[in-house]
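For reference, the chains in residue letters:
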Amino acid sequence: MIRVGILSAAHSHTDAYAGLLAGREDCGLVGVADRDEERGREAADRYGTDYLPADRLLESIDAGVICAANASHREWFERAARAGVDVLCEKPLAPTVAEARAIVDCWEETEIVAGVAMPLRFCGPAVRARERLAEDPIGSLRALSGTNRGKMPGGWFADPDRAGGGAVMDHSVHIVDLATHLTGRRVAEVYAEVDTRFHDIAVDDVNVLSMELADGTPFLLDGSWSKPDAWHTWGDATLELVGEEGTVAIDYTDQSVVHTTESGVGTAFYGPDADADLIADFVESVREGRDPEITPDEGLAAVAVVEAAYESAETGEAVAVAER
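Draft legend 1. Representation of the layout of surface pockets within the structure. Each pocket or cavity is described by its volume, and for the largest pocket that value is around 710 Å³. At three residues, helix α8 (residues 167–183) tops the list of elements feeding residues into the lining of the largest pocket. Looking at the lining of the largest pocket, its residues break down into 11 nonpolar, 12 polar and five charged.

Dropping the structure here:
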């Protein structure tokens, strides 16, 4: 039985991950640690587990899931690693390349099992796309385009000190990681237009990233918080790969039945649970002592694209992405 703990309950994904861990027969959800005691105790009560001081929880678990605000990821990661606790860390890995590199260095020095929560790799359309590309390549890649347009999450996500940025920080990493995963090519350059247009907040909520992969392939991405609060899904997640001999398109939220009633529009999602497969991969990696699907160095690569995007928006110039 793998003993697992929740290391901060700040993130909106905490409930999903904790519920999945609590429901697995090969795991025991030992407790929740959180600097915000009220939030931590409320979360522990929801999951039917204990609220514990961080040091005590780290002494009691084999693995932890970091669901903290972005600016706290490094601290939680290093504390867990020093305690010999394996880690699944929320994305982005960190708000800056410097902090993400420090996390990677810690991972390599301690040799713990560590993963990054990028569940889109596990969604049904992405899995089928990877299988199809392996079986029937689309020829020389000519262009990529993607979207990850969602609702503005509020709370600490709109706090520049705790989040490190807005929609670019929150949403771009998912599609950038998926593109790299499917093509095997990193993003080499970014030109970004970033602004705050939809909400009265201190961070960006709209962006368009015009990128180039290492081989010069163009890649366009809209990762804005542009969906209204009343939208019938949390947003969208799409990626299209255009090659000389074919096209492969991924649309995660299209696995839904949209229904309209007098009270409004709703959605019934029928695709596989990407979060469940992410958690399963992490738990299995801990049990087997292997790397999970998404490792910290891959998380660092996505953070480097985000940092280049913010620099580009500030300077008005295309910016080369830092090497890992």
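Now, onward.
Draft legend 2. Structural view of the sheet that holds strand β15 (residues 319–320). Taken in spatial order, the seven strands make up an open sheet running β12-β11-β7-β10-β9-β8-β15, and their pairing is mixed. Each having just a single partner strand, β12 (246–251) and β15 make up the two edges of the open sheet. Looking at chain direction, strand β9 (residues 206–213) and strand β10 (residues 218–222) are connected through five bridges and run antiparallel. Within β10, the position partnered with Leu209 by the bridge is Leu221. Where helix α10 (residues 296–315) meets the sheet, its contacts fall on β8 (187–195), β9 and β15, and the angle it forms with β8 comes to roughly 50 degrees.

Draft legend 3. Spatial organisation of unusual backbone geometry. Geometrically, the link from Lys91 to Pro92 is a cis peptide bond, its omega value of -15 degrees lying close to zero. Relative to the elements of secondary structure, Pro92 occurs in the loop between β5 (86–90) and α5 (97–110). We note that Glu111 has phi near 60 degrees; this positive angle belongs to a residue other than glycine. On the secondary structure map, Glu111 appears in the loop between α5 and β6 (114–117).

Draft legend 4. Representation of the pairing of strand β14 (residues 264–269). Alignment of strand β13 (residues 256–261) against β14, held across six bridges, turns out to be antiparallel. Residue pairing in the sheet places Val257 in a bridge with Ala268 of β14. Counting the residues in the hairpin turn of β13 and β14 gives two residues.

Draft legend 5. Seen up close, the sheet that holds β6. With parallel pairing, the six strands of this open sheet are ordered in space as β3-β2-β1-β4-β5-β6. Either end of the sheet is taken by a strand with one partner, and the two such strands are β3 (50–51) and β6. When strand β1 (residues 2–7) meets strand β2 (residues 27–33), the two strands line up parallel, connected through six bridges. Across the sheet, Ile2 pairs through a bridge with Cys27, a residue of β2.

Draft legend 6. Expanded view of the pairing of β12. Alternating residues of β12 divide into Gly246, Val248 and Ile250, all buried, and Thr247, Ala249 and Asp251, none buried. As defined by bridge partners, strand β11 (residues 238–243) adjoins β12 across six bridges and the pair is classed as antiparallel. Across the sheet, Leu241 pairs through a bridge with Val248, a residue of β12. From the end of β11 to the start of β12, which pair antiparallel, there are two residues.

Draft legend 7. The arrangement of the pattern of salt bridges in detail. Enumeration over the complete set of coordinates arrives at 21 salt bridges. In this structure, Asp26 engages Arg24 in a salt bridge whose closest nitrogen and oxygen atoms are separated by 2.9 Å. In this structure, Arg121 engages Glu293 in a salt bridge whose closest nitrogen and oxygen atoms are separated by 3.1 Å. Here Arg121, found in the loop between β6 and α6 (124–135), pairs with Glu293, found in the loop between α9 (274–288) and α10; they are 172 residues apart in sequence, far enough to count as distant. Glu293 sits in the partly exposed class, given a relative accessible area of 31%.

Draft legend 8. Summary view of α9. In a regular helix each residue adds 1.5 Å, so 15 residues correspond to 21 Å; α9 covers 21 Å between its end C-alpha atoms and thus fits that length. The complete set of buried residues in α9 reads Ala274, Leu278, Ile279, Ala280, Asp281, Phe282, Val283, Ser285 and Val286. Among the structural elements, β1, α1 (14–22), β2, β4 (63–66), β5 and β6 are those in contact with the buried residues of α9. With a side-chain oxygen lying 3.0 Å from the backbone nitrogen of Asp275, the N-terminal cap of α9 falls on Asp273.

Draft legend 9. Focus on the environment of Leu300. Structurally, Leu300 can be placed in helix α10. Each C-alpha atom, one on Leu300 and one on Glu323, is 9.6 Å from the other, the two residues being 23 residues apart in sequence.

Draft legend 10. Quick peek at the packing of aromatic side chains. Applying the stated criterion across every chain yields a total of two aromatic pairs. When the ring of Trp156 is compared with that of Phe157, the centres are 3.9 Å apart and the planes differ by 20 degrees; the resulting orientation is stacked. Judged by relative accessible area, Phe157 falls into the buried class, the value being 7%. Here the aromatic rings of Trp234 and Tyr252 are separated by 6.4 Å at their centres, their planes lie at 50 degrees, and the arrangement is tilted. Here Trp234 is found in the loop between β10 and β11, whereas its partner Tyr252 is found in the loop between β12 and β13, with 18 residues between them in sequence. For Trp234, a relative accessible area of 44% gives the class partly exposed. Under the relative-accessibility criterion, Tyr252 is labelled buried at 13%. Above the plane of the ring of Trp76 lies Arg79, whose end atom (NZ or CZ) is 5.6 Å from the centre.

Cut-offs applied
- Residues numbered from 1 in each chain as written.
- Predicted model: local features only at pLDDT ≥ 70, side-chain atom pairs only at ≥ 80, totals over all residues.
- Heavy atoms only, no water.
- 1 Å grid on protein atoms, 1.4 Å probe; cavity = no way out; pocket = protein on both sides within 12 Å on 5 of 7 lines; lining within 4 Å.
- Points joined across faces, edges and corners; volume = space filled by probe spheres on them.
- Helix = DSSP H or I, 4+ residues; strand = E, 2+ residues; numbered from the N terminus.
- Nonpolar A, V, L, I, M, F, W, Y, C, P; charged D, E, K, R; others polar.
- Pairing = 2+ DSSP bridges.
- Contact = heavy atoms within 4.5 Å.
- Axes fitted to C-alpha atoms, helices over the stretch in contact; angles between N-to-C directions.
- Buried < 20%, exposed > 50% of the residue type's maximum accessible area, 1.4 Å probe, protein only.
- Salt bridge = Lys/Arg side-chain N within 4 Å of Asp/Glu carboxyl O.
- Expected span 1.5 Å × (residues − 1).
- Polar contact = N/O pair within 3.5 Å; in protein donor to acceptor, adjacent residues only side chain to side chain.
- Phe/Tyr/Trp six-rings, centres within 6.5 Å; stacked < 30°, edge-to-face > 60°.
- Lys NZ or Arg CZ within 6 Å of the ring centre and 35° of its normal.

Limitation: the analysis is restricted to geometry and does not speak to function.
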